[in-house]
Amino acid sequence: MGPRREPTARELRLGVELRRLREAAGLTAIEAAALLGVNRVQISQIEAGVKGLSEQRVRRLASHYACTDDAFVDALVAMATDRTRGWWEEYRGLLPTSFLDLSELEHHARFLHHVAILYVPGLLQTEDYARAVFSSRLPELTDEELELRIRHRQERQRITTPYVALIHEAALRIRVGDRATSKAQLAQLVERSEADHATVRVIPFDRDGFVPSSAMTYAGGPVPKLDTVMRDAPHGTVLIDSEAQLHIYRTRFRMVEAVSLDPDESRDFIHRLAQEL
């Protein structure tokens, strides 16, 4: 399989995991290349996500690296051999890569956990709320860029992946757009929280034990080793996938969840806020 020009986040992750396995086995790229019958450049391309792999080669590498975790190897094989082009590919070259990475992450996730502090999560936003969010970005977006982002966000909302959103009261009270936009957004939150796959829980201002946290999306992989955290940072979107960091974010989510209202209390809370507007 030839080199790819622009690897997706999923292809990059496959390469990262194969490199981690090689390094854990104490092998150099040259030694790994010899075991596979290729040259060092090809191993580098595989680990950079720019060269595809067959199922046989993934399993051979895993065997050479003495990986005995069958579920993990099966998941790597699935990542390597899935040739499906997701709906988000139509936006490639039109939107920043981070938008596509998020869509791909959500599509393949076994579950999604979100912590929101200042904004309602994108999967729960109304069109008008999303428009107000994107319209506030600097530098300003063109009309075409704005509409592309809104359409992409709406298409993301079609997924039915099990989803838990922990939303701080600040995100519910901050008026994004006008009064009507905020009121409609609160109403949609109540409606979406009743879907079988979605759980919305609120962290009120007066809740004891809440430690300030930053927004994050935690996507569950086919095995825990392949979980991913996505966070916004000053220099752009960051994907986090080291086992140590994943453990920290799992713990952080549980801590925030522990101080949030239960789903029924949260719906009542959101309904009261809407009545205040």
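Refer to the structure above for everything that follows.
Just so it is clear, the structure is predicted and the values come from calculations on it, not from any experiment. Going along each chain's sequence as written, the residues are numbered from 1 onward. Reporting in this predicted model follows two pLDDT cut-offs: at least 70 for local features of residues, and 80 or more for side-chain atom pairs to be given and counted; totals over whole chains, interfaces and linings ignore these cut-offs and use all residues. Hydrogens are left out, water is left out, and the side-chain values use all remaining heavy atoms of the structure.

*Asks:* Hey, could you go over unusual backbone geometry for me, with residue numbers and the actual values?
*Replies:* Note that the residue after Leu138, namely Pro139, is joined by a cis bond; omega there is -5 degrees. Looking at the secondary structure, you find Pro139 in the loop between α7 (127-135) and α8 (143-156). Here Ala66, not a glycine, exhibits a phi torsion of approximately 60 degrees, which is positive. To qualify as a helix, a DSSP run of H or I must reach at least 4 residues; to qualify as a strand, a run of E must reach at least 2; elements of each kind are numbered from the N terminus. Mapped onto the fold, Ala66 is located in the loop between α4 (55-64) and α5 (70-81). Buried means the residue's accessible area, taken with a 1.4 Å probe over protein chains only, is under 20% of the maximum for its type, while exposed means over 50%, and partly exposed covers the values in between. Assessed through its relative accessible area of 61%, Ala66 is described here as exposed.

*Asks:* How would you summarise the packing of aromatic side chains if you had to cite specific residues and measurements?
*Replies:* Classification of ring pairs rests on two measures: the distance between centres of Phe, Tyr or Trp rings, Trp counted by its six-membered ring, which must be within 6.5 Å, and the angle between planes, read as stacked under 30 degrees, edge-to-face over 60 and tilted in between. Evaluated as defined, the whole model comprises four aromatic pairs. Judged by centre distance (6.1 Å) and plane angle (90 degrees), the rings of Trp87 and Tyr91 are edge-to-face. Given the relative accessible area of 1%, Tyr91 is considered buried. Considering the side-chain rings of Phe99 and Phe134, the 6.3 Å spacing of their centres and the 35 degrees angle between planes classify their relative orientation as tilted. Separated by 35 residues along the polypeptide, Phe99 in helix α6 (residues 97-108) and Phe134 in helix α7 bring together distant segments of the chain. Grouping residues by exposure puts Phe99 and Phe134 together as buried.

*Asks:* With reference to specific residues and values, describe the environment of Leu53.
*Replies:* For Leu53, the location among the structural elements is in the loop between α3 (40-47) and α4. Residue Leu53 is classed as buried on the basis of its relative accessible area, which comes to 3%. When the C-alpha atoms of Leu53 and Arg272 are compared, they prove to be 54 Å apart, with 219 residues separating the residues in sequence.

*Asks:* Break down the packing of helix α1 (residues 9-24) against α3 for me, with residues and values.
*Replies:* Relative orientation of the contacting elements α1 and α3 amounts to 125 degrees, with a least axis distance of 7 Å. It follows that α1 is oblique to α3 by the angle criterion. For the pair α1 and α3, the contacting residues are Gly15, Val16, Leu18, Arg19 and Arg22 in the first and Ile43, Ile46 and Glu47 in the second. Grouping the constituent residues of the contact of α1 with α3 by class yields four nonpolar, one polar and three charged. Fitted lines through C-alpha atoms serve as axes, helices being fitted only where they are in contact, and the angles separating the N-to-C directions of these axes extend from 0 to 180 degrees. The scheme is simple: roughly parallel for angles under 35 degrees, roughly antiparallel for over 145, roughly perpendicular for 65 to 115, oblique for anything else. The contact criterion used throughout is that any non-hydrogen atoms of two residues lie within 4.5 Å. Residue type decides the class: Asp, Glu, Lys and Arg count as charged, Ala, Val, Leu, Ile, Met, Phe, Trp, Tyr, Cys and Pro as nonpolar, and the leftover types, Gly among them, as polar.

*Asks:* I'd like a description of the pattern of salt bridges, backed by residues and values.
*Replies:* We define a salt bridge as a side-chain nitrogen of Lys or Arg found within 4 Å of a carboxyl oxygen belonging to Asp or Glu. Enumeration over the complete set of coordinates arrives at 22 salt bridges. Ionic pairing is found between Arg20 and Asp241, a salt bridge with its closest N-O pair at 2.7 Å. Of this pair, Arg20 sits in helix α1 while Asp241 sits in the loop between β6 (236-240) and α11 (243-258); the two residues are 221 residues apart in sequence, bridging distant segments of the chain. Its salt-bridge partner being Asp264, residue Arg267 comes within 2.5 Å of it at the nearest N-O pair. You can see Arg267 and its partner Asp264 sitting in helix α12 (residues 263-276), three residues apart, about one turn around the helix. Residue classification places Arg267 among the partly exposed positions, given a relative accessible area of 21%. Members of the salt-bridge network, linked through shared partners, are Arg13, Glu17, Arg20 and Asp241.

*Asks:* Summarise α3; cite the residues concerned and give the values.
*Replies:* Along α3, the positions that sit buried rather than exposed are Ile43, Ile46 and Glu47. Burial along α3 is one-sided: seen end-on, the buried residues are contained in an arc of 95 degrees. Its side-chain oxygen placed 3.1 Å from the backbone nitrogen of Val41, Asn39 serves as the N-cap of α3. Following α3 by one or two positions, Gly49 adopts a phi angle in the positive range, close to 80 degrees. This arc corresponds to the set of directions leading from the helix axis out to the C-beta atoms. What qualifies as a polar contact is a pair of N or O atoms within 3.5 Å, subject to a donor-acceptor requirement within protein and to the restriction that residues adjacent in sequence count only when both atoms come from side chains.

*Asks:* Break down the pairing of strand β4 (residues 216-220) for me, citing the residues and quoting the values.
*Replies:* Most of β4 sits inside the fold, with five of its five residues counted as buried. Following DSSP output, two strands are said to pair if at least two bridges run between them. Alignment of strand β1 (residues 111-116) against β4, held across five bridges, turns out to be antiparallel. Across the sheet, the residue bridging to Phe111 is Gly220, located in β4.

*Asks:* I'd love a proper account of the layout of surface pockets, names of residues and values included.
*Replies:* Only protein atoms enter the calculation, which uses a 1 Å grid: trapped sets of points that fit a 1.4 Å probe without letting it out are cavities, open sets showing protein on both sides within 12 Å along at least five of seven lines are pockets, and any residue with an atom within 4 Å of a point is a lining residue. Grid points are joined across faces, edges and corners, and a volume is the space filled by probe spheres set on the points. The computed volume of the largest pocket comes to approximately 970 Å³. Along the wall of the largest pocket there are 33 residues; nearest its centre are Arg137, Arg153, Arg231, Asp232 and Thr237. The set of elements that each furnish at least two residues to the lining of the largest pocket consists of α6, β1, α7, α8, β4, β5 (228-233) and β6. Looking at the lining of the largest pocket residue by residue, the class counts come to 17 nonpolar, 10 polar and six charged. What the second largest pocket holds in volume is close to 450 Å³. Taken together, 26 residues form the lining of the second largest pocket, with Thr8, Glu11, Asp82, Arg83 and Thr84 sitting closest to its centre. Only α1, α5 and α6 provide two or more residues apiece to the lining of the second largest pocket. In terms of residues, the lining of the second largest pocket owes the most to one element, α1, which gives five residues. Within the lining of the second largest pocket, the residues separate by chemical class into eight nonpolar, seven polar and 11 charged.

As far as function goes, none of this settles anything; it's purely spatial.
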